[in-house]
Structures are given as structure tokens and as C-alpha cells.
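Here is what each chain is made of, one letter per residue.
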Amino acid sequence: EAQVTQNPRYLITVTGKKLTVTCSQNMNHEYMSWYRQDPGLGLRQIYYSMNVEVTDKGDVPEGYKVSRKEKRNFPLILESPSPNQTSLYFCASSIRSPSGVNYEQYFGPGTRLTVT
Amino acid sequence: GQQVMQIPQYQHVQEGEDFTTYCNSSTTLSNIQWYKQRPGGHPVFLIQLVKSGEVKKQKRLTFQFGEAKKNSSLHITATQTTDVGTYFCAGPNNAGNMLTFGGGTRLMVKP
């Protein structure tokens, strides 16, 4: 089954404790991205990756890191989480970047992160 | 930078009533996509519009892309409780490497 998986689904942590949220897709998609969703603000892009070893900042990259060592995986790293990073996080993938047609994004189930 | 605005933010309707959400971009878009997110779920792709003035239908849902390719709308005829959720529009930036989402319209349907 074609899917995007994220782990963990829920996480409560404390300020400053490094964490990683994993994301994996089995569709051989080139483009992957991370979004955070906050009430009233829609989905905001944190980082994206056009392909292996190619990553770039989105609209809200501060406090986050990513890597793309393999095509299927795109982990999101919070080196020193702070309470303002409490949010719902979605990983997404698409066959290509949003530069033309047929780039529908497939979203993972989401990770609800709380930083106290 | 590019901004995509959606109105209204919330809409309560009685089951059977129609519903429309509007999307406006600060820049001309090469295309626009619509997604639906059920409560507690993740966004799911609905449709993509590419041509100026394009209209597409999916059963009770009608999607329009404005002539200037800066606005779009989603209209649902005779809403059902299964239509409950948040509807997002999204458009690519000029470089085509990022997708900007509108704030979403949350639809609530009273049976």
C-alpha cells in the first residue's frame, strides 16, 4: 500500500531535549517536505527536499534541521525544542516538486508534539 | 512573500445547504490545488486546476480557477455530514519548489 509513515504519532517532551521525528515513503517520490499546522495558520512549510542530499528551507525553518540521505526517508530534527514548537507536524511527499502538474502531495498521519 | 488567503475561516451549515470557500493569492499562480482534512486526520488531495477559468466537478463539489489565476473557489451543493472537515487551497511559489497553503475553511454540518 502506497503510504507516508511518521513516528512517533504523539510526543510530549521537555524544553531542550533533542528529538527526531521520522518520515518514510514507499512511493519512490523525489520531493518530500515537512509542515507544521497551527490553529488559524493553515499548513506552513518547514523544510523541503527536491531529491537525495538536496534540502532547503521553507517558510518557518528556525529551530529545525532535516536530512535526506536516502530517497525514502526525511527525518525532522529538533536539536533544542522550545514550547513554541508545540504543534501538529505533517510529512508529505510527491512524485515531483510543485513546478507543474500532477504533483499531488501525500501526507503522513501527523505527529502531535507538545514541548513543556 | 507569497500569501494565500481563504475565507471564511469557519462555516456552519444545515445539512442540505450549499457551501462555498474562496481562495485568493497575492501572486499569479501556475496552478492551484485543493485538499480536505477530516477532523483528526491528515490533508488529502482533492483536485488540481491549471488553466485560466477552469471549472472541474467531482460529484457535488465544483472547483473554479479564476481568469487571472489569482483566485479559486470550492462550492459544495447540498452538503452532507460526510463533508465535514477543513478545506485548504494551495499554490506553488514562482520558483516551483514550495507549496503555500491557505489558512483553510472549517466546515461544520448540522444534521
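In this text the structure is predicted, and so the values were computed from the model without any measurement.

## Observations concerning the packing of aromatic side chains
Thought 1: In the structure shown here, the tally under the stated rule is twelve aromatic pairs over all chains.
Thought 2: With a centroid separation of 5.4 Å and 85° between ring planes, the pair formed by A:Tyr35 and B:Phe101 is classed as edge-to-face. In this pair, A:Tyr35 sits in strand 4 (residues 31-38) while B:Phe101 sits in strand 10 (residues 99-101), so the two residues belong to two different chains. Here the two residues A:Tyr35 and B:Phe101 agree in accessibility, since each one is buried.

## Remarks on the layout of surface pockets
Thought 1: Here the largest pocket is characterised by a volume of approximately 680 Å³.
Thought 2: In this structure, the largest pocket is lined by 32 residues; those nearest its centre are A:Gln37, A:Leu88, A:Arg112, B:Gln37 and B:Thr86.
Thought 3: Counting only elements with at least two residues in the lining of the largest pocket, the list comes to strand 4, strand 9 (87-94) and strand 11 (111-115) of chain A together with strand 9 (85-92) and strand 11 (105-110) of chain B.
Thought 4: Here the lining of the largest pocket is built from residues that sort into eleven nonpolar, 16 polar and five charged.
Thought 5: As a volume, the second largest pocket reaches approximately 440 Å³.
Thought 6: The wall of the second largest pocket is formed by 22 residues, among which A:Leu41, A:Arg44, B:Val4, B:Thr100 and B:Phe101 lie closest to the centre.

## Looking at the interface of chain A and chain B
Thought 1: In this assembly, 26 residues from chain A lie in contact with 20 residues from chain B.
Thought 2: Both sides of the chain A and chain B interface together cover about 1,800 Å² of buried area, and 55% of this is carbon and sulfur.
Thought 3: In this assembly, chain A and chain B are joined by zero salt bridges.
Thought 4: In this structure, the connection of chain A to chain B is made through seven residue pairs in polar contact (both at pLDDT 80 or more).
Thought 5: The set of elements that each furnish at least two residues to the side of chain A that touches chain B consists of strand 4 and strand 5 (42-51) of chain A.
Thought 6: Residue contributions to the side of chain A that touches chain B peak at five residues, all from strand 5 of chain A.
Thought 7: Each residue belonging to the side of chain A that touches chain B can be placed in one class, and the counts come to twelve nonpolar, eleven polar and three charged.

Here is what the cut-offs are and how they apply
- Residues numbered from 1 in each chain as written.
- Chains lettered and ligands numbered in written order.
- Predicted model: local features only at pLDDT ≥ 70, side-chain atom pairs only at ≥ 80, totals over all residues.
- Heavy atoms only, no water.
- Phe/Tyr/Trp six-rings, centres within 6.5 Å; stacked < 30°, edge-to-face > 60°.
- Helix = DSSP H or I, 4+ residues; strand = E, 2+ residues; numbered from the N terminus.
- Buried < 20%, exposed > 50% of the residue type's maximum accessible area, 1.4 Å probe, protein only.
- 1 Å grid on protein atoms, 1.4 Å probe; cavity = no way out; pocket = protein on both sides within 12 Å on 5 of 7 lines; lining within 4 Å.
- Points joined across faces, edges and corners; volume = space filled by probe spheres on them.
- Nonpolar A, V, L, I, M, F, W, Y, C, P; charged D, E, K, R; others polar.
- Contact = heavy atoms within 4.5 Å.
- Buried area = accessible area lost by both parts, 1.4 Å probe.
- Salt bridge = Lys/Arg side-chain N within 4 Å of Asp/Glu carboxyl O.
- Polar contact = N/O pair within 3.5 Å; in protein donor to acceptor, adjacent residues only side chain to side chain.

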